[in-house]
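The residues making up each chain are set out below.
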Amino acid sequence: MTQTDATDAQYLADYRPYPFILSETRLTFDLSPDATQVQAAISLTPRNGAADLVLDGGRGLDLVSLLIDGTAPDASHVIRDAETLTIRAAALPDRPFTLTSVVRIDPSANTAFEGLYLSNGMFCTQCEAEGFRHITFYPDRPDVMTVFHVTIRSGLPVLLSNGNPLRQKPGLAEWHDPWPKPAYLFALVAGDLAAVSDRFTTASGRDVALNVWVRPGDQDRAGFAMESLIKSMRWDEQVYGREYDLDVFNIVAVDDFNMGAMENKGLNIFNSKLVLASPETATDGDYERIEAVIAHEYFHNWTGNRITCRDWFQLCLKEGLTVFRDQQFTSDMRSAAVKRISDVQTLRARQFREDQGPLAHPPRPDHYQEINNFYTATVYEKGAEVIGMLKHLVGDDGYSRALDLYFDRHDGDAATIEDWLQVFQDATGRDLTQFKYWYTDAGTPRLTMAEDWQDGVLTLRFTQVTPPTPGQPDKPARVIPIAVGLIGPNGDEVAATQILEMTEAHQEFRFKNLGARPVASVLRGFSAPVVLSRDIDDDTRAFLLAHDSDPFARWEAGRDLALSALTQLARGQAAGDGYIGAIGRLIADDSADPAFRALCLTLPGDEEIATRLAAEGHIPDPDAIHAARSDLARRMAEAHQDTLSDIYDRMAVEGPYSPDAEPAEKRSLRIAALGLLNRIDGGDRASVLFGVAGNMTERMAALTCLIRLGRGESALAMIEEQFADNRLVMDKWFTVQVMAAPPADAVAIARDLAGRRDFDWKNPNRFRALLGGLAANHAGFHAADGSGYDFTADWLIRMDAANPQIAARMSTAFETWPRYDPNRRAKALAALEQIAAQPGLSKNTREMVSRMIAAGA
Ligand SMILES: [Zn+2]
C-alpha cells in the first residue's frame with residue numbers, strides 16, 4: 001500500500017490513454033442521507049492486452065463488495081490506497097468483463113459539495129472535475145466515455161438523472177443516457193421539487209420536454225430561466241446549427257453549490273441564484289446573468305458534452321469556446337457594444353490581475369496539483385478572447401467553416417487544443433503554429449505604439465513584449481490582431497476598421513495617400529487581450545471620446561482619461577479637469593445609447609486604479625486611491641449637477657418592471673447618475689428612491705449609496721425585515737454593507753456580520769457574500785493594520801476544513817499582495833504563512849497559498 005504524495009503535480013506530457021474501453025456503466029442508488037448504497041456495474045474491455053485496472057476513489061467510499069464477472073477477486077490482487085483502488089492484471093480476464101462494486105457513502109457528511117451531497121434535504125451531485133470518485137470507484141477522467149444507465153431508489157418524490165426517463169414509479173426511477181459521456185457529466189437529483197414546464201420543438205422536429213425544478217413555492221421566480229432556456233435553444237440552432245438531442249431537458253436549482261452551474265448531460269444543476277428571479281428580489285444584473293448562464297450551460301451540450309476534453313489540461317477547449325458562444329448570445333439579445341465593454345472590464349479586473357501576479361498560468365496549463373484551482377479567469381475569459389482573435393484572423397466565414405468541421409470531425413470525441421487548431425488550419429489553410437502561443441504561454445503582452453506622419457503617410461510602429469510569469473521567463477512574439485481605423489481632423493472616419501496582423505516583436509504598418517494627419521483609433525473592439533500604451537495626450541483622447549465610431553474605442557478613450565486623472569490624483573498631483581470637461585459633453589449627448597453613457601459615467605474601481613499604478617511602476621496606496629476616486633466623483637457631480645439631475649429624472653422607467661434590455665439600460669444610466677449625485681446631495685435622492693422603488697435594481701442601488709454615506713442603517717433593517725427568509729436577497733444584504741462601507745469600517749462590519757446566526761458560512765453563497773464583499777472593498781481589505789488580511793485568513797482556514805474548493809478560490813483575495821508597500825506586504829505574507837502552517841490544510845488551498853508566497857520570495 002502506498003500513500004500518494006499530496007503535493008504531486010500532474011503533467012500534460014504524461015498523458016496516456018486509459019488501458020480499458022468502457023461499453024456501459026449501470027448504476028443503482030439506494031438513497032439514504034447518511035448511508036447511501038451505490039452499485040456500479042462497469043463493462044470493460046482491455047485495450048492492448050494485460051494491464052492493471054486502476055480506479056479512482058478513496059476516503060469516504062466504504063467498499064461493501066467487489067466482483068469480476070460475478071466472482072470476488074483474490075484479495076492479494078486488490079490494492080487500495082488513499083486515492084485509488086487497483087486490481088492487478090493477474091486477476092482480470094483478457095476479454096470483455098464486468099466489474100461490479102457496491103460501496104456505501106455518507107452524503108450528509110459531505111460539506112465539500114463534491115460528489116453526492118445533501119442540500120436542504122435534497123440529494124444532488126457535482127462531479128466536475130473529479131467529484132464522481134467520491135460516489136463510486138471509477139476511471140474518473142474525461143477521456144473515458146460510456147453510456148450510463150441509472151436506477152434510483154428513494155422515497156423522495158422527484159428522482160432525476162441524465163438522458164431520457166425509462167421508468168418512473170413511486171420509490172423508483174430509471175434513466176438511460178444514449179450519448180456516451182465521461183463521469184464528470186453524471187448527475188443525480190432527488191428531492192421534493194416543483195417544476196415550471198414548457199416544450200420545445202427542434203428544427204428537425206424532436207419534441208423536447210423542458211423543466212426548471214425548484215423548491216415548492218419558488219415556481220413564480222423560475223419563469224425567466226425557462227424563457228432564457230428556450231431563447232438559447234433557438235439561438236444555437238440558428239447561429240451554430242446545433243440541435244438538442246434528448247427528449248427531456250431538466251434544470252434544477254440548488255442552494256448549496258460551489259460553482260455557478262453545471263452542464264451535466266440533460267440535467268443541468270444550477271446555483272439557485274442563477275435561476276430564481278423576480279423584480280422584487282433580483283436586479284437587472286441578476287437577470288442578465290441568469291440569461292447568460294442558462295445559455296452557457298445549454299451551449300455546453302455541444303461544446304463540452306458531445307465534444308469533450310481529452311484531459312483537464314484542455315479545460316479551455318470547452319470553457320473558452322462556450323464563454324465565447326454565450327458572449328455572442330448576449331450580444332445578440334442585448335446591446336453588443338455594452339456587452340463587449342463589460343466583458344473587457346471583467347477580463348481586466350479578473351484575468352489581467354491574475355496574469356500579472358503569482359497565479360499567472362496559460363489558458364492551457366501544462367501542469368497542476370489540483371485541477372479545481374484552474375477554473376480561472378484565464379481558462380474561461382482569456383480562453384474566450386483567444387477564440388475572438390482566431391475569428392478576427394480567419395474572418396467570419398472561416399470561423400463558421402472551421403466550427404462546422406469541428407462538430408463533424410470530433411462529435412463523440414474527447415479532444416485537445418491541437419485538434420481545435422487543426423480544424424481551423426484545415427478549414428482555412430492558415431498556419432496557426434505561432435498562434436498557439438496564446439494557449440501555451442501565460443502573461444499579458446504589452447503593446448507599445450509610436451506614430452510618424454510624413455508626406456501623407458501615417459506609420460504606426462508597434463513593439464510587443466510579454467513580461468515573465470512563474471516558470472516562463474522568456475516568451476516568443478505572438479500573433480496579435482490589431483483592429484485599427486483612422487479618424488480625420490473633422491471627426492469623420494477616413495479609414496474603416498481593418499485588422500493589422502502583428503507577428504514580429506517590432507513591426508510597422510503604413511497608411512498612404514492621406515490628405516491631413518488623422519487620429520488612429522487602435523485596438524478597436526479590444527481585438528486582442530493586451531495592454532496598449534501609446535504616446536497620446538488628453539486632447540487626443542478627448543477627441544476620440546467625442547468622435548470614435550467604434551464604441552469600445554470610444555469608451556476606452558474616456559476610460560484612459562479617467563485613469564490618467566485618477567492615478568495622478570492618487571499620487572498627490574492635481575488632475576481631472578480635462579476628463580470632467582470631456583465626459584460632460586458625452587453625457588449630454590442624447591444620441592448615445594443610455595447603457596453606453598452609463599458605462600462612461602462609471603469611474604474605474606479602486607482595484608483597476610491600483611493595477612494601473614502598479615503597471616506604471618508605482619506602489620499603489622489603497623487609501624490615496626480611494627480618496628482620489630471620491631474626489632473625482634464629487635467634482636464630476638458638482639460640474640454636471642444639472643445634466644445629471646435631468647438624466648436621473650428622465651431615465652425613470654414608468655409602468656411595471658421588465659428585465660428587457662431597453663428599460664434595464666435606462667435604469668443603468670439613472671443609477672450611474674445617482675451614484676454621482678449622491679456625492680453632493682447628502683443621500684437625499686437615494687433615500688427617496690429606496691422608499692419608492694418597486695424593483696430590486698433601484699433599491700439595491702439606493703441602498704449602496706446610503707451605505708457609502710453611513711446612512712444605510714434603516715434601509716438595511718427594512719430589507720432584513722422583509723427578506724429574512726430569502727437567502728438570495730440576504731446574500732446581497734451581507735455583501736453590500738461590507739463592499740460599500742467606508743474602508744475604515746469594513747473589517748469591523750464584516751466581523752459583526754460573521755457573528756450573526758444567519759451567517760451559515762458552510763453555504764458557499766453566504767461565505768462568498770461576506771468574504772467576497774470585503775475583498776471587493778479594496779482599501780478595506782488592504783487596511784494598513786493588516787486586519788483585513790487576518791480576518792480573511794482566519795475564515796479561509798476554517799472553510800478549508802469543510803470545503804477546500806471554496807477556501808482555495810477565495811484565497812485569490814491575496815493574489816496582488818506583492819505590489820503593495822513593505823508594511824502591507826509583511827502583513828499579507830504573515831497571513832498567507834499562517835494559512836500555510838495550518839495542519840491538515842487541503843491540497844487545493846496549499847497549492848494556491850504556496851504559489852502566492854513564492855511570488856514574494
Ligand atoms: Zn462552462
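Scroll up a little and you will see the structure.
Residues numbered from 1 in each chain as written. Predicted model: local features only at pLDDT ≥ 70, side-chain atom pairs only at ≥ 80, totals over all residues. Heavy atoms only, no water.

(A) View of the overall build of the protein. Scanning the protein from terminus to terminus reveals 26 helices and 30 strands. Against the compact-globule benchmark of 29 Å for 857 residues, the protein has a radius of gyration of 28 Å, which places it among compact chains. In the protein, which comprises 857 residues, the proportion classed as buried is 60%. The long-range share in the protein, meaning contacts at least 24 apart out of those at least 6 apart in sequence, stands at 71%. Looking at charge distribution, the protein has the averaged site of its 86 positive side-chain charges lying 1 Å from that of its 120 negative ones. (Helix = DSSP H or I, 4+ residues; strand = E, 2+ residues; numbered from the N terminus. Rg over C-alpha atoms; globule rule 2.2 N^0.38 Å. Buried < 20%, exposed > 50% of the residue type's maximum accessible area, 1.4 Å probe, protein only. Contact = heavy atoms within 4.5 Å. Lys, Arg positive; Asp, Glu negative; His and termini not counted. Charge placed at Lys NZ, Arg CZ, Asp CG, Glu CD.)

(B) Region of interest: the packing of aromatic side chains. Here the structure, examined in full by the defined rule, presents 42 aromatic pairs. Measuring from ring centre to ring centre gives 5.4 Å for Phe781 and Phe814, while their planes differ by 70 degrees; the resulting arrangement is edge-to-face. Within this pair, whereas Phe781 is found in helix 22 (residues 778-781), its partner Phe814 is found in the loop between helix 24 (804-810) and helix 25 (822-836), the two being separated by 33 residues in sequence. Pair check on accessibility: Phe781 and Phe814 agree, each one buried. The residue whose ring lies beneath Arg242 is Trp302, and the NZ or CZ to ring-centre distance is 4.6 Å. A cation over an aromatic ring shows up here: Arg325 above the ring of Tyr240, its NZ or CZ 4.5 Å from the ring centre. (Phe/Tyr/Trp six-rings, centres within 6.5 Å; stacked < 30°, edge-to-face > 60°. Lys NZ or Arg CZ within 6 Å of the ring centre and 35° of its normal.)

(C) View of the packing of helix 5 (residues 377-410) against helix 6 (residues 417-428). Relative orientation of the contacting elements helix 5 and helix 6 amounts to 105 degrees, with a least axis distance of 8 Å. Our classification of the angle between helix 5 and helix 6 gives roughly perpendicular. Within the contact between the two elements, helix 5 uses Ile387, Leu390, Val394, Gly398, Tyr399, Arg401, Ala402, Leu403, Leu405, Tyr406, Arg409 and His410 and helix 6 uses Asp419, Trp420, Leu421, Gln422, Val423, Phe424, Asp426, Ala427 and Thr428. For the contact of helix 5 with helix 6, the class distribution of residues is 13 nonpolar, four polar and four charged. (Axes fitted to C-alpha atoms, helices over the stretch in contact; angles between N-to-C directions. Parallel < 35°, antiparallel > 145°, perpendicular 65-115°, else oblique. Nonpolar A, V, L, I, M, F, W, Y, C, P; charged D, E, K, R; others polar.)

(D) Looking closely at the sheet that holds strand 3 (residues 36-46). Spatially, 5-8-3-2-11-14-13 is the arrangement adopted by the seven strands of the open sheet, whose pairing is mixed. Only two strands of the sheet have a single neighbouring strand rather than two, namely strand 5 (62-68) and strand 13 (164-169). Taking the axes of each pair of neighbouring strands and ignoring which way they run, one obtains an average angle of 15 degrees across the sheet. Both strand 5 and strand 8 (residues 97-105) contribute to a ladder of six bridges, which runs antiparallel. (Pairing = 2+ DSSP bridges.)

(E) Spotlight on empty space enclosed by the protein. Across all of its chains, the model carries one cavity of 30 Å³ or more by this definition. Of the volumes computed, that of the largest cavity is approximately 50 Å³. Contributing to the lining of the largest cavity are Trp555, Gly558, Arg559, Ala562, Tyr579, Ile583, Leu599, Cys600, Thr602 and Pro604. Sorting elements by how many residues they give to the lining of the largest cavity places helix 9 (residues 551-570) first, with four residues. By residue class, the composition of the lining of the largest cavity is seven nonpolar, two polar and one charged. (1 Å grid on protein atoms, 1.4 Å probe; cavity = no way out; pocket = protein on both sides within 12 Å on 5 of 7 lines; lining within 4 Å. Points joined across faces, edges and corners; volume = space filled by probe spheres on them.)

(F) Highlighting the coordination of the zinc ion. Surrounding the zinc ion are the protein donor atoms His296 (NE2), His300 (NE2), Glu319 (OE) and Glu319 (OE), at 2.0 to 2.7 Å. What the four donor atoms of the zinc ion show is an angle range of 53 to 153 degrees at the metal, which sorts the shape as irregular. Expressed as a motif, the donor residue spacing for the zinc ion is H-x3-H-x18-E. Placement of His296 in helix 2 (residues 284-299) and of Glu319 in helix 3 (residues 315-333) is noted, with a sequence separation of 23 residues between them. In this pair, the class of His296 matches that of Glu319, namely buried. (Donors = N, O, S within 2.8 Å, 3.2 Å for Na, K, Ca; no water. Tetrahedral: all angles 85-135°; square planar, octahedral: opposite > 155°, others 65-115°.)

(G) Examining the sheet that holds strand 16 (residues 194-201) more closely. Within the open sheet, the five strands sit side by side as 16-17-18-20-19. Their pairing is mixed. Every other strand in the sheet has two partners, leaving strand 16 and strand 19 (261-262) as the edge strands with one partner each. By the bridge criterion, eight bridges tie strand 16 to strand 17 (residues 207-214) in an arrangement that is antiparallel. In the strand pairing of strand 17, Ala194 is matched with Val214. Where helix 1 (residues 223-240) meets the sheet, its contacts fall on strand 16, strand 17 and strand 18 (248-254), and the angle it forms with strand 16 comes to roughly 25 degrees.

(H) Region of the structure containing helix 17 (residues 696-708). Look at helix 17: 18 Å from first C-alpha to last across 13 residues, which is about the 18 Å you get at 1.5 Å a residue. Within helix 17, twelve of the 13 residues are buried, which leaves it mostly tucked inside the rest of the structure. For helix 17, the full list of buried residues reads Met696, Thr697, Glu698, Arg699, Met700, Ala701, Ala702, Leu703, Thr704, Cys705, Leu706 and Ile707. Against helix 2, helix 15 (661-677), helix 16 (684-692), helix 18 (713-723) and helix 19 (727-739) lie the buried residues of helix 17. (Expected span 1.5 Å × (residues − 1).)

(I) Representation of the pattern of salt bridges. Overall, the coordinates contain 68 salt bridges when judged by the stated rule. The salt bridge involving Asp218 is made with Arg221; its shortest N-O contact spans 3.2 Å. You can call Asp218 buried: its relative accessible area is 17%. Of the residues examined, Arg221 reaches a relative accessible area of 12% and is grouped as buried. Between Arg667 and Asp284 there is a salt bridge; the shortest N-O distance is 2.8 Å. (Salt bridge = Lys/Arg side-chain N within 4 Å of Asp/Glu carboxyl O.)

(J) Just the nonpolar core, in detail. Ranked by internal contacts, the top residues of the largest apolar core, which has 280 residues, are Trp420 and Phe435. No other element matches helix 5, which puts 13 residues into this core. Discounting residues that sit within four places of it in the chain, Phe435 has contacts with Val386, Met389, Leu390, Leu393, Leu421 and Val479. (Core = buried A, V, L, I, M, F, W, Y, C linked by side-chain atoms within 4.5 Å.)

(K) Molecular detail of the pairing of strand 25 (residues 457-465). Bridge count between strand 24 (residues 446-454) and strand 25: nine bridges; the pairing is antiparallel. Along strand 25, the bridge assignment pairs Arg446 with Val465. The hairpin formed by strand 24 and strand 25 contains two residues between the paired strands, and Asp455 there has a positive phi angle of roughly 50 degrees. Bridging between strand 25 and strand 28 (residues 506-511) involves six bridges; their strand directions are antiparallel. Within strand 28, the residue paired with Arg461 across the bridge is Glu508.

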